[in-house]
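Geometric and topological summary
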Amino acid sequence: MPASPDAFRALLSQPAAEAARRLIGCVLLRRVRGRSVAARIVETEAYLGAADPAAHVYRGRTPRTEPLFGPPGTLYVYFVYGMHHCLNVAVDGPGVAGCVLIRAAEPLPGSGLAKDACRGPGKLCRALAIDTRLSGRHLFERGGPLTLRKGRPPRRVAVSPRIGIRQAAGWPLRFYDADSPVVSAAPRAGISSGAAQRRRKP
DNA sequence: GCGACGATACTA
DNA sequence: AGTATCGTCGCT
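Parameters and conventions
Residues numbered from 1 in each chain as written. Chains lettered and ligands numbered in written order. Predicted model: local features only at pLDDT ≥ 70, side-chain atom pairs only at ≥ 80, totals over all residues. Heavy atoms only, no water. Helix = DSSP H or I, 4+ residues; strand = E, 2+ residues; numbered from the N terminus. Polar contact = N/O pair within 3.5 Å; in protein donor to acceptor, adjacent residues only side chain to side chain. Buried < 20%, exposed > 50% of the residue type's maximum accessible area, 1.4 Å probe, protein only. Arc of directions from axis to C-beta. Contact = heavy atoms within 4.5 Å. Pairing = 2+ DSSP bridges.

Looking at the element boundaries, S111 is found in the loop between β5 (98-107) and α3 (121-127). As a C-alpha pair, S111 and R35 span 76 residues in sequence and 9.8 Å in three-dimensional space. A polar contact of 2.9 Å, which involves the side chain of S111, links it to the backbone oxygen of L108. For S111, the side chain forms a polar contact with the main-chain nitrogen of L113, separated by 3.3 Å.

Set out below in structure tokens:
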């Protein structure tokens, strides 16, 4: 578990799968309107960059995805389904637009959040007041809106396929704290209802 | 301009 | 199984 900015930088400079695994247990610190809220990351997904059919950059570089090409620690926030924001962190080395999607976190005591307030990528962003205005900002800004802190390391990290995607559906790139009750979906969840909606034909 | 679609989550 | 609900992007 890293403690210094340099150690976090090193963590995020790894390939996405390794970075995603090692972010489990780290604490997100959100500063907004003079207040701070902290939550321990318990579920992540790795997106590998241009070689990953499920990654946003797979179909080319666009203005929206520009933060993914920034240095490790650059935030990429996008809006989906007309309702939800999703928080990602750019990782891996220069020229590789890998990222880690933060799917769930445990609010720390004193955060004022319900235990399940950060269960799922959309709810996490709502609870931490994260929207596209944070896209392009950086985790390592001093006193910035979103930073990393040391947290309790997980005892066991479990792996499963990523949730809610159709391309590269079987790739084992979802990581979660196997002892946390706050993961966004059952480890062996089948086809989600959302997937059924996306598959529906006109 | 237009339209298809999506790294969701809740309810039933 | 239904659905809220809109930004992004490729195409015209």
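The rest of the description comes next.
The complete set of buried residues in helix α2 (residues 16-23) reads A16, A19, A20 and L23. For α2, the buried positions fall inside an angular range of 100° around the axis, keeping them on one side. If you follow the buried residues of α2, they end up packed against α1 (5-12), β2 (35-47), β4 (84-91), β5, β6 (146-149) and β8 (174-177).

With that out of the way, let us pick up the pairing of β5. When you tally the buried positions in β5, you get 10 out of 10 residues, the bulk of the element. Where β2 lies against β5, 8 bridges are found, and the strand directions are antiparallel. Across the sheet, residue A46 finds its bridge partner in β5, namely V100. Pairing of β4 with β5, which is carried by 4 bridges, proceeds in the antiparallel orientation. The residue of β5 that forms the bridge with V91 is G98. Here β4 folds back onto β5, and the loop between the two strands holds 6 residues, one of which, D92, carries a positive phi near 75°.

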